[in-house]
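# Coordinate inspection notes
Take a look at the letters that make up each chain.
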Amino acid sequence: MPKVAVLTGAGISAESGIPTFRGKDGLWKRFKPEELATPEAFFRNPKLVWEWYDYRRQLIARAEPNEGHKILARMERELPDFTLITQNVDGLHQKAGSEKVIELHGNIWKVRCLSCGAEYYDYRAPLPEIPPRCKHCGGLVRPGVVWFGEPLPPEALEQAFNAARESDYFIVVGTSAVVYPAAQLPFVAKEYGATVIEVNPEETPVTRIADLSLREKASTGLKKVYEMLKEHAQG
Ligand code: OAD
């Protein structure tokens with residue numbers, strides 16, 4: 001049975017109506033990451049940063065998983081050795097039924113208290129108070145996501161690199177593959193002998209090392225990948 005690992009990025013949620021970061025309608029065309037997605041920005045203006053996260057939480061709350069998310073949930077159920085790694089914070093993989101998701105950049109529904117350190121999920125959207133306060137101690141909470149300049153959660157990172165090294169198939173879906181260290185994963189997988197498959201309507205830095213590039217949307221591209229893996233598994 002092949003070992004399969006998948007890395008997803010914002011592109012897999014595009015068909016659910018959630019804007020990506022780069023590209024012509026990307027969030028980083030309209031907003032500046034250094035004003036919204038860094039620890040400095042948060043300490044300068046927690047209200048502004050929380051307003052932006054509250055806006056995104058409301059968008060995500062209305063979104064439903066699409067065929068792409070659903071096929072990956074099916075792969076997890078049907079393939080004995082399957083790892084899903086995501087850079088997304090939207091939780092749509094879990095909503096589609098994926099049970100084990102390695103979240104490299106955290107989760108937008110999580111909050112972390114800067115006073116008492118409590119970490120918990122808060123699904124309210126819109127938030128009744130901005131910035132929100134810790135439900136335990138009343139301290140200032142921050143979004144449970146990774147910002148630019150911050151390290152990734154070490155356990156998630158280790159699991160992701162292990163999966164990349166051990167995989168027979170490494171599938172890269174809907175990421176521009178420019179944000180490190182996540183962007184390194186396909187290259188590590190390739191170096192350790194995996195067949196690398198890319199699903200993306202656009203070329204990315206992964207294209208040049210990919211064994212197969214499907215220039216299409218996540219939903220249709222992943223359907224083809226699923227059929228291929230099923231054929232492989234049946235020998
Ligand atoms: P990007 O916005 O950089 O890239 C999205 C990718 O999805 C692009 O390569 C698009 O071509 C592709 N795409 C668009 N629609 C698609 C579809 N329907 N199916 C498949 N692919 C599609 O998003 P990420 O690569 O996820 O980090 O960005 C990486 C990180 O940068 C994010 O996690 C976030 C951001 O700043 C942090 O916030 C730390």
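Whatever comes next refers back to the structure up there.
Residues numbered from 1 in each chain as written. Predicted model: local features only at pLDDT ≥ 70, side-chain atom pairs only at ≥ 80, totals over all residues. Heavy atoms only, no water.

## Some points on the overall build of the chain
The condition is simple: The helix count covers DSSP runs of H or I at least four residues long, the strand count covers runs of E at least two residues long, and both are numbered beginning at the N terminus. In this description the radius of gyration comes from C-alpha coordinates, and the expected globular size is given by 2.2 Å times residues to the power 0.38. Burial classes follow relative accessibility: with a 1.4 Å probe on protein chains only, a residue under 20% of its type's maximum area counts as buried, one over 50% as exposed, and anything between as partly exposed. Accessible areas in this description were obtained via Shrake-Rupley with a 1.4 Å probe; residue shielding takes into account the shown protein chains only. Positive: Lys, Arg. Negative: Asp, Glu. His and the chain ends are not part of the count. Taken as the charge centre is NZ of Lys, CZ of Arg, CG of Asp or CD of Glu, depending on the residue.
The number of helices and strands found in the chain is nine helices and nine strands. Relative to the compact-globule value of 18 Å for 235 residues, the chain shows a C-alpha radius of gyration of 18 Å, a close match. For the chain, the residues scored as buried account for 52% of the 235 residues in total. Here the chain has roughly 11,400 Å² of accessible surface; of this, 50% comes from carbon and sulfur atoms. Taken as two groups, the 30 positive and 31 negative side-chain charges of the chain have centres that lie 4 Å from each other.

## With respect to the site of the ligand
What counts is decided by this rule: For this purpose, a residue is taken to be near a molecule or strand whenever a single non-hydrogen atom of the residue falls within 4 Å of it. Under the rule applied, a polar contact is a pair of N or O atoms within 3.5 Å (in protein, one hydrogen donor and one hydrogen acceptor; residues adjacent in sequence only if both atoms are side-chain atoms). Each residue is assigned to one class: nonpolar for Ala, Val, Leu, Ile, Met, Phe, Trp, Tyr, Cys and Pro, charged for Asp, Glu, Lys and Arg, and polar for all the others, Gly among them.
The ligand sits among 22 residues. The nearest are Phe21, Arg22, Thr175, Ser176 and Asn200. Between the ligand and the protein, one listed contact pairs an oxygen atom with a side-chain N or O atom of Trp28 at 3.0 Å. One nitrogen or oxygen atom from the side chain of Asn200 is found 2.7 Å from an oxygen atom belonging to the ligand. Protein contacts shield 90% of the accessible area of the ligand, which totals 800 Å² for the unbound molecule. Of the residues that constitute the shell around the ligand, the class distribution is nine nonpolar, nine polar and four charged.

## Notes on the sheet that holds strand E8 (residues 195–199)
Definition in use: Here, a strand pair is defined by DSSP locating no fewer than two bridges between the strands. Helix axes are fitted to C-alpha atoms over the stretch in contact, other axes to C-alpha atoms as well, and angles between N-to-C directions run from 0 to 180 degrees. Between two residues, a contact is recorded if the distance between any of their heavy atoms is within 4.5 Å.
Spatially, E3-E2-E1-E7-E8-E9 is the arrangement adopted by the six strands of the open sheet, whose pairing is parallel. The open sheet has two edge strands with one neighbour each: strand E3 (101–103) and strand E9 (212–214). Here the average twist between neighbouring strands, direction ignored, is 20°. Pairing between strand E7 (residues 169–173) and E8: five bridges, direction parallel. Each residue of the ladder has a partner; that of Val172, found in E8, is Glu198. The strands touched by helix H5 (residues 67–78) are strand E1 (4–8) and strand E2 (82–86); relative to E2, the strand with the most contacts, the crossing angle is about 145°. Each of E1, E7, E8 and E9 touches helix H9 (residues 218–234); the most contacted strand, E7, lies at about 170° to it.

## Brief notes about the sheet that holds strand E6 (residues 141–145)
Remark on secondary structure: sheet strands pair via backbone hydrogen bonds, oriented parallel or antiparallel. The strand order across the open sheet formed by three strands is E5-E4-E6, and the pairing between neighbours is antiparallel. Edge positions in the open sheet fall to strand E5 (119–121) and E6, since each of these has one partner strand only. For this sheet the average axis-to-axis angle between neighbouring strands, irrespective of direction, equals 40°. Here four bridges tie strand E4 (residues 106–113) to E6, and the two strands are oriented antiparallel to one another. Bridging from a neighbouring strand, Arg112 pairs with Arg142 of E6.

## Regarding the packing of H5 against H9
Just so we agree on the cut-off: Should an angle fall under 35 degrees it is taken as roughly parallel, and over 145 as roughly antiparallel, whereas 65 to 115 is taken as roughly perpendicular and any remaining angle as oblique. Throughout, a crossing is termed right-handed when the near helix is turned clockwise from the far one, and left-handed when it is turned anticlockwise from it by less than a right angle.
Closest axis-to-axis distance for the H5/H9 pair is 8 Å, and the angle between their directions is 20°. Relative to H9, H5 is oriented roughly parallel. Crossing geometry of H5 relative to H9 is assigned as left-handed. For the pair formed by H5 and H9, the contact residues are Glu67, Gly68, Ile71, Leu72, Arg74, Met75 and Glu78 on the first element and Ala218, Ser219, Leu222, Lys223, Val225, Tyr226, Leu229 and Lys230 on the second. When the residues that make up the contact of H5 with H9 are grouped by side-chain class, the tally is eight nonpolar, two polar and five charged.

## Observations concerning the nonpolar core
Inclusion rule: Side-chain atoms within 4.5 Å are what join buried Ala, Val, Leu, Ile, Met, Phe, Trp, Tyr and Cys residues into a set we call a nonpolar core.
Counting residues in hydrophobic clusters, the biggest one holds 27 residues, and the most contacted among them are Trp50, Tyr53, Val141 and Trp147. At the level of secondary structure, the elements contributing two or more residues to this core comprise helix H1 (27–30), helix H3 (39–44), helix H4 (46–62), E4 and E6. When residues in this core are grouped by element, the largest group, five residues, is from H4. Trp147 has contacts with Leu36, Ala37, Thr38, Pro39, Phe42, Val49, Tyr53 and Arg142, leaving out every residue within four places of it along the chain. Judged by nonpolar contacts, the second largest core, of 24 residues, contains Ala5, Ile85, Leu152 and Val196.

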